[in-house]
Amino acid sequence: MQYRHAGPADRTALDAVLVSAPGRPTLPVRLTVELLGRARSHLDRPGLTVWDPCCGAGVTLAVLGLLAPGITALVGTDVDPGPLDLARRNLGLLSPGGLAARADELDALSARHGKPAYAEAARHARTLVPAGCPPWTVEVADALDRDRTRAAVGERRPDVVLADLPHGRQTSWAPTTAGAGPEAFLSAVGSVLDPGAVVVAVDRGRTLPVPAGVRPLERLRVGHRAAVLLRAGDLHRSPSGAGAHSRA
Ligand SMILES: C[S@@+](CC[C@H](N)C(=O)[O-])C[C@H]1O[C@@H](n2cnc3c(N)ncnc32)[C@H](O)[C@@H]1O
């Protein structure tokens, strides 16, 4: 894949500013910004509400809030309540004083552990100017449960879904019901969205399966990852999207 929307800037320092947990995979920063840029290119609207239905530690949403201009709201949901405190801390960086507080925390870690990398991250946190300070929410919801996610999204009308799907042992699909996987995810999430919204999903592997009859706007390969961009209205029209909830 050729990057069209995100430059090759060194994002190592930003990774250190964000809070993550060992073994919890996150999308690379540059890829996150690129995928939002591609989703935006399929939309004609100035401000975007972005929803990550598998938000985990909230790294994807926090990266977008910090680096992507024109975001009006961020919505995070995940079936597992475990990482949501990390998500609240990462999204807290977007609040006034959030980066300064994180810089103080990193300086304290540097002093305690004698690690210059923490001090470097603290310096970065102090110089970082967030692209915006959009309001955000984080809630527990199973993305495969249409009623639950519809309730969690509430009156917000996401323009873009950006999700790094569960893969591997640390982040497998839950509940492990038969049929859980990318296709069920896309149908369920699509049913909650307005027809014009764009869904971006990323998975490990060579290709990402989509519901029968749905033609993606784009298919991408990035190293060991595959991504698709789809229009929610196309998901509504697929046989498995039947029962879609139209909000237009
Ligand atoms: C690859 S991680 C996402 C990492 C996340 N983007 C971040 O920034 O930290 C995949 C996430 O999917 C979640 N997940 C698994 N099954 C789910 C489901 N049915 N509904 C919602 N989230 C689910 C896992 O709990 C995990 O947090």
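A quick note: this is a predicted structure, and the numbers were derived from the prediction, not measured. (Residues numbered from 1 in each chain as written. Predicted model: local features only at pLDDT ≥ 70, side-chain atom pairs only at ≥ 80, totals over all residues. Heavy atoms only, no water.)

(A) Region of interest: the packing of aromatic side chains. Under the criterion given, the structure shown has one aromatic pair. Positioned over the ring face of Y3 is R30, at 3.8 Å from the centre of the ring. (Phe/Tyr/Trp six-rings, centres within 6.5 Å; stacked < 30°, edge-to-face > 60°. Lys NZ or Arg CZ within 6 Å of the ring centre and 35° of its normal.)

(B) Region of the structure containing the packing of helix α5 (residues 98-113) against helix α6 (residues 116-127). Between α5 and α6, whose axes approach to 8 Å, the crossing angle comes to 165 degrees. With respect to their mutual orientation, α5 and α6 come out roughly antiparallel. With respect to the hand of their crossing, α5 and α6 are arranged in left-handed fashion. Residues L99, A103, D104, L106, D107, L109, S110 and H113 of α5 touch α6, and the partners they reach there are Y118, A119, A121, A122, A125 and R126. Considering only residue class, the contact of α5 with α6 consists of nine nonpolar, two polar and three charged. (Axes fitted to C-alpha atoms, helices over the stretch in contact; angles between N-to-C directions. Helix = DSSP H or I, 4+ residues; strand = E, 2+ residues; numbered from the N terminus. Parallel < 35°, antiparallel > 145°, perpendicular 65-115°, else oblique. Left-handed = near helix turned anticlockwise from the far one by under 90°. Contact = heavy atoms within 4.5 Å. Nonpolar A, V, L, I, M, F, W, Y, C, P; charged D, E, K, R; others polar.)

(C) Seen up close, the site of the ligand. Surveying the vicinity of the ligand reveals 27 residues, the closest of which are V59, D78, D142, A143 and A174. Contact distances for the ligand include 3.5 Å between a nitrogen atom and a side-chain N or O atom of D52. Alone, the ligand offers 610 Å² of accessible surface; in the complex the protein occludes 98% of this. The residue makeup of the shell around the ligand, split by class, is 14 nonpolar, seven polar and six charged. (Near = heavy atom within 4 Å. Polar contact = N/O pair within 3.5 Å; in protein donor to acceptor, adjacent residues only side chain to side chain. Areas by Shrake-Rupley, 256 points an atom, 1.4 Å probe, with all protein chains shown as cover.)

(D) Main features of the pattern of salt bridges. Enumeration according to the criterion identifies 13 salt bridges in this entry. A salt bridge links R88 to D85, with the nearest nitrogen and oxygen atoms 3.0 Å apart. Of the two residues, R88 and D85 both sit in helix α4 (residues 84-92), three residues apart, roughly one turn of that helix. Owing to a relative accessible area of 35%, R88 belongs among the partly exposed residues under this scheme. The residue D147 makes a salt bridge to R150 at a minimum N-O spacing of 3.7 Å. Of the two residues, D147 and R150 are both situated in helix α7 (residues 146-153); the distance of three residues between them amounts to about one turn of the helix. You can call D147 exposed: its relative accessible area is 57%. Salt bridges here are not isolated pairs; linked through shared partners, they connect E34, R38 and E218. (Salt bridge = Lys/Arg side-chain N within 4 Å of Asp/Glu carboxyl O. Buried < 20%, exposed > 50% of the residue type's maximum accessible area, 1.4 Å probe, protein only.)

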